[in-house]
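Remarks on the overall topology
Chain by chain, the residues run as shown.
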Amino acid sequence: MAKLIQAAVLGIALTAAIVSAADSAAVETAAPAPADSVQADAAKTFTMEELAGFNGQNGKAAYIAVDGVVYDVTRAKGWKNGKHKGFSAGADVTEEINKKSPHGAKVLKKNPVVGNVAAQPAAD
Ligand code: HEM
């Protein structure tokens, strides 16, 4: 009889442990935000003048804008001092990355998004 009670208690304890493990696993998977949401959460809206200040020169951060999104390339290997293959940070490089680079905009994925650019007045 004592063995039976012991077994029952063990069973209950095991079930409780499994349930709590499943609970914490659920919390863990719910926590990290999807990579894409960084873009949606990007708070700052830069004017072109503000963006120009982030040119990677003299210790400044290096930001580039592509398709209205501002990326921080300060730590990107190929963007030392805000320069890459003759192109400079602190600017909107949508045209350049799409038309003049061999890789296109896909290389931006690994760089942090820091904001958006204000809508541009239509060109004449
Ligand atoms: C002759 C033209 C160019 C060449 C040969 C070139 C080459 C490269 C190479 C080899 C990489 C690293 C490989 C990779 O991460 O996929 C790279 C990364 C990158 N390139 Fe270019 N590129 C050129 C033009 C441009 C232009 C015009 C832009 C935009 C203005 C640009 C923006 C970038 C960015 C944002 C990265 C990612 C940096 C990083 O996260 O490390 N590239 N490029």
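This text follows the structure it describes.
Throughout, residues of each chain are indexed from 1 in the direction in which the sequence is written. Restriction of local features to residues with pLDDT of at least 70 applies here, the model being predicted, together with a cutoff of 80 or more for giving and counting side-chain atom pairs; totals for whole chains, interfaces and linings are based on all residues.

What follows deals with the overall build of the protein. Strands here are runs of E lasting at least two residues and helices are runs of H or I lasting at least four, both read from the DSSP assignment and numbered beginning at the N terminus. Across its full length, the protein holds four helices and seven strands. Helices and strands in the protein line up, N terminus first, as α-α-β-α-β-β-β-β-β-α-β. Residues with at least 20 neighbouring C-beta atoms inside 10 Å of their own are called buried, those with 12 or fewer are called exposed, and the rest are partly exposed, where every C-beta is derived from the backbone. Taken over 124 residues, the protein has a buried fraction of 18%.

For each residue, a C-beta atom is positioned from the backbone; the residue is called near a molecule or strand if that atom sits within 6 Å of it. Taken together, 19 residues sit near the ligand, with Ala76, Val93, Ile97, Ser101 and Val107 positioned nearest. Residues are sorted three ways: Asp, Glu, Lys and Arg are charged, Ala, Val, Leu, Ile, Met, Phe, Trp, Tyr, Cys and Pro are nonpolar, and all the rest, Gly among them, are polar. Within the shell around the ligand, the residues separate by chemical class into nine nonpolar, five polar and five charged.

Turning next to unusual backbone geometry. Despite not being glycine, Asp67 shows a phi value in the positive range, around 50°. Along the polypeptide, Asp67 turns up in the loop between strand S2 (63-66) and strand S3 (69-72). With 12 C-beta atoms counted inside 10 Å, the residue Asp67 sits in the exposed group. Backbone geometry at Asn81 places phi at a positive 55°, although glycine is not the residue there. With respect to the secondary-structure elements, Asn81 resides in the loop between S3 and strand S4 (83-84). On the basis of neighbour counts, which here come to 15 C-beta atoms within 10 Å, the residue Asn81 falls in the partly exposed class.

The subject of this paragraph is the pairing of S2. Residues Tyr63 and Ala65 of S2 are buried on one face, and the alternating residues Ile64 and Val66, pointing to the opposite face, are buried as well. Here the rule is simple: two strands pair whenever DSSP picks up at least two bridges between them. As judged from the four bridges shared by S2 and S3, these two strands associate in the antiparallel manner. Residue pairing for S3: Val66 is matched across the bridge by Val69. As paired strands, S2 and strand S6 (residues 91-92) are joined by two bridges and run parallel to one another. The residue of S6 that forms the bridge with Ala65 is Asp92.

Let us now look at the pairing of S3. Moving residue by residue along a regular strand, the side chains alternate between the two faces of the sheet. Counting the residues that bridge the hairpin from S2 to S3 gives two residues, and of these Asp67 lies at a positive phi of roughly 50°. Taken together, the three bridges between S3 and strand S7 (residues 113-117) define a ladder with antiparallel strand orientation. Directly across from Val70, in S7, lies its bridge partner Gly115.

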